[in-house]
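# Coordinate inspection notes
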Amino acid sequence: EFVRIWKGGAGTKSLSRDLSKLPGGKFSPVFRDHPDGEGSIRALPGGIVVVFDPAWDFQKISEWASSEKIEVLDKLPIGKNAYVVRSEPGLAALELANRLQESGKIQSASPDWWREVEPN
């Protein structure tokens, strides 16, 4: 499954509003790390990095995911209990990460950002 990443040029008024009018597929607006428009770009292709209490076993994580109607996709090799869970791409990923973080049931939640990389 692919996500299209669209970058608006100078004079783009509301890229996120216009995404709903584009044909088919799933989309993410492009974000900049600095408000002046400089620096690397990033986007939300989908997926949330969730860190759970280190005392939780996978059974407890699975019960949490089931109660939240969330699918656990992958265990990450960082920390003891870091996983990627499924989310829609775009602003839906950011909204879900915020909701999970604010729930207080987990240690942290952050979108699995796509970041622009430049060779040295």
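The structure under discussion appears in the preceding block.
The paragraphs below set out a description of the structure included in this document.

Rules and cut-offs
Residues numbered from 1 in each chain as written. Predicted model: local features only at pLDDT ≥ 70, side-chain atom pairs only at ≥ 80, totals over all residues. Heavy atoms only, no water. Phe/Tyr/Trp six-rings, centres within 6.5 Å; stacked < 30°, edge-to-face > 60°. Helix = DSSP H or I, 4+ residues; strand = E, 2+ residues; numbered from the N terminus. Buried < 20%, exposed > 50% of the residue type's maximum accessible area, 1.4 Å probe, protein only. Lys NZ or Arg CZ within 6 Å of the ring centre and 35° of its normal. Polar contact = N/O pair within 3.5 Å; in protein donor to acceptor, adjacent residues only side chain to side chain. Contact = heavy atoms within 4.5 Å.

The full count for this structure, using the stated rule, is four aromatic pairs. With centroids separated by 6.0 Å and ring planes inclined at 65°, the aromatic side chains of F52 and Y83 adopt a geometry described as edge-to-face. With F52 in the loop between strand 4 (48-51) and helix 2 (58-68) and Y83 in strand 6 (residues 82-85), this residue pair connects regions lying 31 residues apart in the sequence. Across the pair, exposure class does not vary: F52 and Y83 are buried alike. Consider the rings of F58 and Y83, whose centres lie 5.8 Å apart with planes at 40°: the pair is tilted. Remark: Y83 occurs in strand 6 and F58 occurs in helix 2; sequence separation between them is 25 residues. Ring-pair connections join several aromatic residues into one group, and the members of that group are F52, W56, F58, W64 and Y83. Sitting over the ring of W113, R42 keeps its end group 4.2 Å from the ring centre.

Relative to the helices and strands, S87 resides in the loop between strand 6 and helix 3 (91-103). One polar contact links the side chain of S87 to the main-chain amide nitrogen of G47, over a distance of 2.8 Å. Not counting chain neighbours up to four residues away, the residues in contact with S87 comprise G46, G47, I48, A93 and L96.

This part covers the side chain of E68. With respect to the secondary-structure elements, E68 resides in helix 2. E68 gets classed as buried once you look at its relative accessible area, which sits at 15%.

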